[in-house]
Amino acid sequence: MTEVRERTAKGVTAIYRHPLLVRATHWVNALCLLVLLLSGLQILNAHPAFYWGEVSHFDRPFAAIEATTAANGDLHGQLMVAGAKLDTTGVLGASKSGGDQLQARAFPSWITLPGYLDLGAGRRWHFAFAWALVINGLVYLGFALGSGRTQAMLKPTREELRGLGAAVLDHLRLRFAHGEDARNYNILQKLAYLAVIFGLLPLMLLTGLVMSPAMYARLPILGELFGGRQSARTIHFLAASGLVSFVFVHVAMVIAAGPVNEMRSILTGWFVIRREKP
Amino acid sequence: MSGSDPTRRLLLGGALTGAAGASLAGCDKLAASPAVNERLGAAEGLNFHVQRLLLGRNALAREYPPSAIAPDFRANGTTNPDSEDYQQHVADGFKAWRLEIGGLVERPLSLSLDELRQAPARSQITRHDCVEGWSSIAKWKGARLGPLLDRAGVKPQAKYVAFFCADTLELTLDGTGDYYETIDLADAHHPQTLLAYEMNDQPLPVAHGAPIRLRLERQLGYKMAKYVMRIELIDSFAKLGQGKGGYWEDRGYQWYAGI
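No experiment lies behind these values; they were computed from the predicted model shown.

### Comments concerning the overall build of chain A
Along chain A, the regular secondary structure elements total 10 helices and nine strands. Burial statistics for chain A: of 278 residues in total, 28% are counted as buried. Counting only contacts in chain A whose residues sit at least 6 apart along the sequence, the fraction spanning at least 24 positions is 58%.

Take a look at the structure:
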């Protein structure tokens, strides 16, 4: 990888951290993930239950969102995971979803695309943006691997891995690297980005393909690898939850570490590492 | 680069929150727009062509051992068509029932259930994937559609096979609420494409489409029409129902359901 460009003006030193292609693919990726999440929950609303194995054992799902009617006629929503039940009325299982009264609905309208129930439309959004995500991801990977950016910026050193515990503690205390130390990603950033790029996102794609009956016919070995179609569907949801968790932490870290500098770097490429005191 | 100006930070935050709110409200408008849906539908063509390319015509869906047969196979959609004609067929055990194969063929066929049982058959234990997300496994036996079509002699201009069913999901005056489906000739000739008359070694139950249902193993359940009464070879499905190629397709589902 070529040297990182650096410039100093009026006592402010900045490095050119993200080239245009990385910034563009980052935002396309963010948009795709948002649409995929909302349309995915729309699809999930058609059968909000998860199973392990090839088929659905309808009487014993691993997890399910249900609507129940109490003796007095009130609608309740509940989340069941591995036998444990949690009342989620108002959000999961039963929500007002734009109306005045509670209605049976696994995920509420404000988190599905479209907001109204429409499985066909949800699938159309989901598959269109899945293609966009994959093409965008391949463009990014081709550039990042080809230019040596991945190796230079994300490959953890042995020393960093040894300091993993200390890095976790620093983050929990919201102590972040500044100045010269912020020139490179820290070990937790590296591991998180690696896990998303080479772990969760490929996992989403592969488990998604297993759910396609046509792709399953082409690659039955992939289905077996994940333990069957229903297992793949469950893993698809768990990996999506992992991505949502990542985004929450990612955004929280941006805010904690200095939102203006961070946002500037992902919009213009320039990341400030040093300011001279006047 | 006066990056740490707090008012600017607040303004930026406010603008972002506002934009997010506005876009959420606009989502449904966008989602309901025909132009947007047409654009999104382009991916459906991509799915079809890429999967056809990857699968070829004859890659088989996975088949399972008898131990994999599910005890709780769900019956979706219509589970007992209420038309008088159909109920009469049920009452006399489908003795008077005949399957018509017509349209763009050289020799239209009319087959009784017994005659259909004499046709080249296949048994398979396969997984049924519902568009809703669930899966189940059953054993199916039925007449292979390909050889039946060969017997009828498909005319060169035929492109699709249409299945007309005894069940009406939505009551309408013009009959557009009647269940129907269409598949292309490549899928019709696939070795696992059957007109199934047995499920788990028993005559196909009414809930699952008696006397015959289509098995199209590399696509989702809604393609596999139940209660099939008549088959027609056609060159276009534009004039059937609302023109999208099936009951559910007319209501927004994808014609190609391999994904």
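### Some thoughts on the sheet that holds strand β2 (residues 109–112) of chain B
Residue and element names in this part refer to chain B. Taken together, five strands build an open sheet; the order of strands is β2-β1-β10-β5-β6 and the sheet is mixed. The strands lining the two open edges of the sheet, one partner per strand, are β2 and β6 (178–184). Across the sheet, the mean angle from the axis of one strand to that of its neighbour is 20 degrees, orientation sign disregarded. Across six bridges, the pairing between strand β5 (residues 160–168) and β6 is antiparallel. Bridging across to β6, V161 finds its partner in I183.

### Quick word on the interface of chain A and chain B
The interface is formed by 39 residues belonging to chain A together with 44 residues belonging to chain B. At the level of secondary structure, the elements contributing two or more residues to the side of chain A that touches chain B comprise α2 (119–146), α7 (213–218), α9 (229–257) and α10 (259–267) of chain A. The element contributing the most residues to the side of chain A that touches chain B is α2(A), with nine residues. Looking at the side of chain A that touches chain B residue by residue, the class counts come to 23 nonpolar, seven polar and nine charged.

### Here we look at the sheet that holds strand β9 (residues 270–275) of chain A
Paired through their backbone hydrogen bonds, the strands of a sheet run either parallel or antiparallel. All names here are of chain A. Strand order in the open sheet formed by three strands is β1-β2-β9, with antiparallel pairing between adjacent strands. Looking along the sheet, the strands with just one partner apiece sit at the ends: β1 (6–9) and β9. In this sheet, adjacent strand axes meet at a mean angle of 25 degrees when their direction is disregarded. Looking at chain direction, β1 and strand β2 (residues 12–16) are connected through four bridges and run antiparallel. Pairing of E6 across the sheet is with I15, part of β2.

### Remarks on the environment of Q103(A)
Residues and elements named next belong to chain A. Tracing the sequence through the fold places Q103 in strand β8 (residues 103–105). Q103 sits in the partly exposed class, given 17 other C-beta atoms within 10 Å. For the pair Q103 and R60, spaced 43 residues apart in sequence, the C-alpha to C-alpha distance is 24 Å. Not counting chain neighbours up to four residues away, the residues in contact with Q103 comprise A94 and S97.

### Examining the confidence of the model for chain B
Residue and element names in this part refer to chain B. Per-chain confidence: chain B averages 90 in pLDDT, with 90% of residues scoring 70 or above. Segment residues 1–22 is flagged for pLDDT under 50; beyond a separation of four residues in sequence, or across chains, it makes nine contacts in the model. Across the whole predicted complex the pTM is 0.92, and at the interface the ipTM reaches 0.92.

### Observations regarding unusual backbone geometry
Residue P114(A) is bonded to the preceding L113(A) through a cis peptide linkage, with omega at -10 degrees. Among the secondary structure elements, P114(A) is positioned in the loop between β8 and α2. The linkage connecting A210(B) with the following residue, P211(B), adopts the cis geometry, with an omega of 5 degrees. The residue P211(B) is located in the loop between β8 (202–203) and β9 (213–215) in this model. For A82(A), which is not glycine, the phi dihedral falls at a positive 50 degrees.

So, how was this worked out
- Residues numbered from 1 in each chain as written.
- Chains lettered and ligands numbered in written order.
- Predicted model: local features only at pLDDT ≥ 70, side-chain atom pairs only at ≥ 80, totals over all residues.
- Helix = DSSP H or I, 4+ residues; strand = E, 2+ residues; numbered from the N terminus.
- Buried ≥ 20, exposed ≤ 12 C-beta atoms within 10 Å, placed from the backbone.
- Contact = placed C-beta atoms within 7 Å.
- Pairing = 2+ DSSP bridges.
- Axes fitted to C-alpha atoms, helices over the stretch in contact; angles between N-to-C directions.
- Nonpolar A, V, L, I, M, F, W, Y, C, P; charged D, E, K, R; others polar.
- pLDDT = per-residue confidence, 0-100.

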